Amino acid sequence: MELFQLIDPIYIVTIFFFIIGMQRMSHPLTARSGIVWAGAAMLIATLVTFFTPGLTNLALIAIAIVIGGGFGYIAAKRVAMTDMPQMIALYNGMGGGAAAGISAVALLGTTTAATGSLAVVGGLIGAISFTGSIVAFMKLQGWMRPRPITFPGQKILNMAVLALAVISGLLVILQPAWLPLPVAMYLPLFFVLSLGFGLLMTLPIGGADMPVVISMYNAFTGLAVALDGFSFATPNYAMVVAGIIVGAAGTLLTLNMAKAMNRSLSNVFFGAFGATEETGVEIKGSMKAIEIDDAAVLLAYADKVIVAPGYGMAVAQAQQKVKELTDLLESKNILVKFAIHPVAGRMPGHMNVLLAEAGVNYDHLFDRDEINPEFPSTDVVLVIGANDTVNPAAHREGSPLFGMPILDVEQAKNVIVLKRGQGKGFSGIENDLFYRDNTRMLYGDAQETVGKLVQAVKKF
Amino acid sequence: MTDITTFWTAIYIVMLAAFTGYVVISRVPAILHTPLMSGSNFIHGIVLVGAMVALGLATTPLEQAIGFVAVVLGAANVTGGYVVTERILQMFDKSGKKPGKEA
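In this text the structure is predicted, and so the values were computed from the model without any measurement. (Residues numbered from 1 in each chain as written. Chains lettered and ligands numbered in written order. Predicted model: local features only at pLDDT ≥ 70, side-chain atom pairs only at ≥ 80, totals over all residues. Heavy atoms only, no water.)

1. Digging into a nonpolar patch on the surface
Piece 1. The grouping of Ile4(B), Phe7(B), Trp8(B), Ile11(B), Tyr12(B), Met15(B) and Leu16(B) at the surface amounts to a nonpolar patch, some 790 Å² of accessible area in total.
Piece 2. Inspection of the secondary structure assignment puts Phe7(B) in helix H1 (residues 3-26). (Patch = residues over 30% accessible without salt bridge, like charges linked within 9 Å, V, L, I, M, F, W, Y side chains within 5 Å. Areas by Shrake-Rupley, 256 points an atom, 1.4 Å probe, with all protein chains shown as cover. Salt bridge = Lys/Arg side-chain N within 4 Å of Asp/Glu carboxyl O. Helix = DSSP H or I, 4+ residues; strand = E, 2+ residues; numbered from the N terminus.)

Right, here's the structure in full:
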């Protein structure tokens, strides 16, 4: 038996392992073994691909794998846990770029009408995912302004670019005889327009919507990979099946996330959320600051404290100190719970991961529906670097946040908001909570401030 | 096999794969959304094998150049996607293994 005859059996085993892996990843207890299953499958699939009949450029392939693999490995190892969301965006974009590249190579060679069409659609989606994900990465990384970038005529321009990309793609497939330019000219045009559209459609999307966007581009890349699987002379079913699974799972995940934020997909993509200010509403009251010692008194003499963490906690790397503080409060027989908004941080589950890293027990974390009824009976809510997820403006009709499910922290007896400055949240919307009578602002770096709080509480 | 049987076989495969993806995700708690997104991000790294074939069958320098870039990007998707997912899931593992540590 020749080695290449092993390719299909091994691809089938790969797919089987992928499905088992995803299944295991969908339960907290087995999650970690899931990625190991999938990883092992990927490794053997990659190795057996070297035996593809007629494969040349083996040295080039090996070098490219070392370069790309090395970069991916080192960058992913070095980056801080807080920056994981944008790394997912980055690697997803690279997958989309690879898919676009496969399409390009396929279209440069000889294709049939069927394989050519699928390569064009795969190339379009892959290219959009590539530049779109890169923009998402840059916005989250802070290399680009996270707020929506809008300009007059934007939607028309975007639609025109997409239409032109589709037309040039059609010309590449159909190759009509009357074309004024040689067909080879339309291929680069097609890719430039597709890449451009990915960039343009992501610009007006604000940072707060990025998780949904990244998830959608993840599904896009899966779909592009699946379509590219058909672009070869003999279809690569490993790509087709894995790509479709990711496409379907990613679509469902995207819809779930959008639902958790009470945003519709069309809203995410065309709403330019956070670009406009609500007008005509004046927030009553003023922001009232509190000193460390006074905050410590409130905490030390409370019966029940709920911590509502947000991205600010992650940025300040304050989770260790927060854990210290909550341990201290528990040692004083104070009931401590964590309120985790589904989209706190930059992604669903982001806070859970960071708090777990700091050693906070799983059973201390409560999601929005579980914890919301408890706020009225809570003495102190400590909001650490959260903003939009605790903004009661979401209950007010006309607010851009209206309808978004939030943590109802304002119902607690006292709310202490730890915040670096007086700035707005990621959505760019003013937070009513900060002006409430029962709210006190504790300004400063979260890690430093919580550290001081620990010292101050110890005195009581 | 004729083209038309290939076509219908492909439709069967796509339908079943889509259903599988849907079922695997449908009963997942919100806290696992990020790891799962990261995990599925890793799984579409299978694009690497396609990029390898594209580069391996490339004949002109232009095809080779594009294929090379595709393999680099695909390989980064695979290793980066794996490490990110592994690191995220490690956090869950830690909290699962030491229950009641601070209780």
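This is not the end of the story, as more comes after the structure.
2. With respect to the interface of chain B and chain A
Piece 1. Contacts between the two partners involve 81 residues from chain B and, on the opposite side, 102 residues from chain A.
Piece 2. For the pair chain B and chain A, the summed buried surface comes to about 7900 Å²; carbon and sulfur atoms form 77% of the total.
Piece 3. Along the contact surface separating chain B from chain A lie one salt bridge.
Piece 4. Among the ionic pairs, Arg32(A) bridges to Glu86(B), the shortest N-O distance being 3.2 Å. (Contact = heavy atoms within 4.5 Å. Buried area = accessible area lost by both parts, 1.4 Å probe.)

3. Section: helix H13 (residues 319-331) of chain A
Piece 1. Here H13(A) contains 13 residues, and its C-alpha end-to-end distance of 18 Å stays within 8% of the 18 Å for a straight helix at 1.5 Å per residue.
Piece 2. Considered for burial, the residues of H13(A) that qualify are Gln319(A), Val322(A), Lys323(A), Leu325(A), Thr326(A), Leu328(A) and Leu329(A). (Expected span 1.5 Å × (residues − 1). Buried < 20%, exposed > 50% of the residue type's maximum accessible area, 1.4 Å probe, protein only.)

4. What about the confidence of the model for chain B?
Residues and elements named next belong to chain B.
Piece 1. Here chain B averages 85 in pLDDT, and 86% of its residues register 70 or above.
Piece 2. Across chain B, the element-wise mean pLDDT spans from 87 in helix H4 (residues 61-97) up to 96 in helix H3 (residues 47-56).
Piece 3. Counted against residues more than four places away or in other chains, residues 95-103, with its pLDDT under 50, gives 15 contacts.
Piece 4. Reported confidences for the modelled complex are a pTM of 0.81 and an ipTM of 0.90. (pLDDT = per-residue confidence, 0-100.)

5. Concerning the environment of Met185(A)
Residues and elements named next belong to chain A.
Piece 1. Checked against the element boundaries, Met185 lands in the loop between helix H6 (154-174) and helix H7 (186-202).
Piece 2. Of the residues examined, Met185 reaches a relative accessible area of 46% and is grouped as partly exposed.
Piece 3. Considered as a pair, Met185 and Ser168 are 17 residues apart in the sequence and their alpha carbons are 9.6 Å apart.

6. Focus on the pattern of salt bridges
Residue and element names in this part refer to chain A.
Piece 1. According to the stated counting rule, one finds ten salt bridges over all chains in the structure shown.
Piece 2. With its nearest N and O atoms 2.9 Å apart, the salt bridge here joins Arg368 to Asp369.
Piece 3. Sharing partners across several salt bridges, the network here consists of Lys304, Lys337 and Glu374.

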